[in-house]
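Single-letter residue listing:
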Amino acid sequence: MLQTPHHPPQAAVVPPPRTSAREQDGPWHAEAVCRRDEAGLFFAPSKEPTAARLSREEAAKRVCARCPVLVECREHALLQPEPYGVWGGLTAAERRVVLARRRRRDAELQKAARPAISGVAAAG
């Protein structure tokens, strides 16, 4: 009788999760341009006059504009949410506006999806 060689059971090979080169090198903030600048540029001192605040925020936004991780930084600040400072080229007030728009958009999408779902249920 011909015997086949015994092969031990093999575990399924699962490919590693796909990550970008940036993620493999470390967290996004390691590449942030602002790490080389003064933190005071991105966060307001107490009782800062309006003109000084606007000037400082514009300078911070110029730093953000040349940053390779601007999008990651902005999304971090929106998801946390970060209540202070310039993050991803947006001030705290600008981030509040973006978040309010996202909430409105999400509510509108949910509202629009409800009639379609209930129409399918009624037809079924």
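Not measured: the values here are computed from a predicted model. (Residues numbered from 1 in each chain as written. Predicted model: local features only at pLDDT ≥ 70, side-chain atom pairs only at ≥ 80, totals over all residues. Heavy atoms only, no water.)

Q: Please give an account of unusual backbone geometry that cites residues and values.
A: Backbone torsion omega between glutamine 80 and proline 81 reads -20 degrees, so that peptide bond is classified as cis. If you trace the backbone, proline 81 turns up in the loop between helix 3 (70–79) and helix 4 (92–123). In this model, lysine 47 sits at a positive phi of 60 degrees, which is unusual for a non-glycine residue. Within the secondary structure, lysine 47 is located in the loop between helix 1 (21–25) and helix 2 (50–65). (Helix = DSSP H or I, 4+ residues; strand = E, 2+ residues; numbered from the N terminus.)

Q: Would you mind going over the environment of glutamate 58 in detail, with residue names and values included?
A: Note that glutamate 58 resides in helix 2. For glutamate 58, a relative accessible area of 41% translates into the label partly exposed. Between the alpha carbons of glutamate 58 and glycine 89 there is a distance of 8.9 Å; along the sequence they are 31 residues apart. (Buried < 20%, exposed > 50% of the residue type's maximum accessible area, 1.4 Å probe, protein only.)

Q: Account for helix 2, with residues named and values stated.
A: Over its 16 residues, helix 2 runs 22 Å from end to end, which matches the ideal 22 Å to within 8%, given 1.5 Å per residue. Regarding helix 2, the residues found buried are Arg56, Glu57, Ala59, Ala60, Lys61, Val63 and Cys64. (Expected span 1.5 Å × (residues − 1).)

Q: Explain the packing of aromatic side chains residue by residue, including any values.
A: Summed over the entire model, instances satisfying the criterion amount to 1 aromatic pair. Here the aromatic rings of phenylalanine 43 and tryptophan 87 are separated by 6.3 Å at their centres, their planes lie at 80 degrees, and the arrangement is edge-to-face. Residue phenylalanine 43 is found in the loop between helix 1 and helix 2, and its partner tryptophan 87 is found in the loop between helix 3 and helix 4; the two are separated by 44 residues along the sequence. (Phe/Tyr/Trp six-rings, centres within 6.5 Å; stacked < 30°, edge-to-face > 60°.)

Q: Can you explain helix 3? Please cite residues and give values.
A: Along an α-helix, a turn takes 3.6 residues, which lines up residues three or four apart on a common side. Of the positions making up helix 3, those classed as buried are Leu70, Cys73, Ala77 and Leu78. The arc that holds the buried residues of helix 3, viewed along the axis, is 130 degrees, so those residues lie on one side. Among the exposed residues of helix 3, those oriented more than 90 degrees off its buried face are Val71 and Leu79. (Arc of directions from axis to C-beta.)

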